[in-house]
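A look at the structure
Here are the chains, one letter per residue:
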Amino acid sequence: MKKIMILLFLGILAISFHSCYYDKSDLLYPIGVSAPCTDSAGTISYIQKVVPILRTQCYGCHTTTGGSGGINMGTFALDKVIATNGKLYGTISHASGFIAMPQGGAQMTGCQQAVIQKWINAGALNN
Ligand code: HEC
């Protein structure tokens, strides 16, 4: 019986310690200290890295047909057009001469911009 109680106690201890681990960058890295941009390491995959960002930040307005401002996005061919004509990086980096995107929303994080820039610089591949 005593043994079981000790095991139970250790189990609860282990669980409570485990729950102290937060994998949230805003908690791990205080304001002003940016999280390391591990997402932009290595080769950037269009499917795995670029699309998830564009889906949450751009595809809502820039649909594959009839997109806002005449800019259609959401397929590789469409995304490649603005990637290679400079408009994708120009708008997300809020460069002068471009309309800042996402319109009405917060600018992408530096890490997200880096992911997209790296993908463009590597030739905007369908990878
Ligand atoms: C809330 C809707 C909305 C979202 C989200 C949005 N856009 Fe736009 N976008 C627009 C509208 C509206 C225009 C046309 C603006 C104008 O002509 O004044 C536009 C224009 C553009 C243009 C043409 C700008 C230029 O300077 O020629 C590009 C490129 C573009 N968007 C890319 C993006 C990208 C990339 C994202 C995601 C980061 C994005 N947009 C997110 C609404 C949106």
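Everything quoted here is computed from the prediction, not taken from an experiment.

Some remarks on helix 6 (residues 110-121)
Between its first and last C-alpha, helix 6 extends 16 Å over twelve residues, near the 16 Å set by a 1.5 Å rise per residue. Turning to helix 6, its buried residues number three or more, namely Gln113, Val115, Ile116, Trp119 and Ile120. Along the axis of helix 6, the buried positions cluster into a sector of 155°, meaning they face one direction only. In helix 6, the exposed positions angled more than 90 degrees off the buried face are occupied by Gly110 and Asn121. Tucked into the core, helix 6 has its buried residues touching helix 3 (46-57), helix 4 (76-84) and helix 5 (87-92). Two residues or fewer after helix 6 comes Gly123, characterised by a positive phi angle close to 105°.

Describing the site of the ligand
Near the ligand there are 17 residues, and of these Cys58, Cys61, His62, Ile99 and Met101 occur at the shortest range. At 2.7 Å from a nitrogen atom of the ligand is found a side-chain nitrogen or oxygen belonging to His62. Here an oxygen atom of the ligand and a side-chain polar atom of Lys87 are 3.3 Å apart. Judged by its atoms lying within 2 Å of the grid points, the ligand is housed in the largest pocket. If one sorts the elements of the shell around the ligand by residue count, helix 5 sits on top with four residues. Of the residues in the shell around the ligand, the class split is ten nonpolar, six polar and one charged.

Here is what the cut-offs are and how they apply
Residues numbered from 1 in each chain as written. Predicted model: local features only at pLDDT ≥ 70, side-chain atom pairs only at ≥ 80, totals over all residues. Heavy atoms only, no water. Helix = DSSP H or I, 4+ residues; strand = E, 2+ residues; numbered from the N terminus. Expected span 1.5 Å × (residues − 1). Buried < 20%, exposed > 50% of the residue type's maximum accessible area, 1.4 Å probe, protein only. Arc of directions from axis to C-beta. Contact = heavy atoms within 4.5 Å. Near = heavy atom within 4 Å. Polar contact = N/O pair within 3.5 Å; in protein donor to acceptor, adjacent residues only side chain to side chain. 1 Å grid on protein atoms, 1.4 Å probe; cavity = no way out; pocket = protein on both sides within 12 Å on 5 of 7 lines; lining within 4 Å. Sits in = over half its atoms within 2 Å of the grid points. Nonpolar A, V, L, I, M, F, W, Y, C, P; charged D, E, K, R; others polar.

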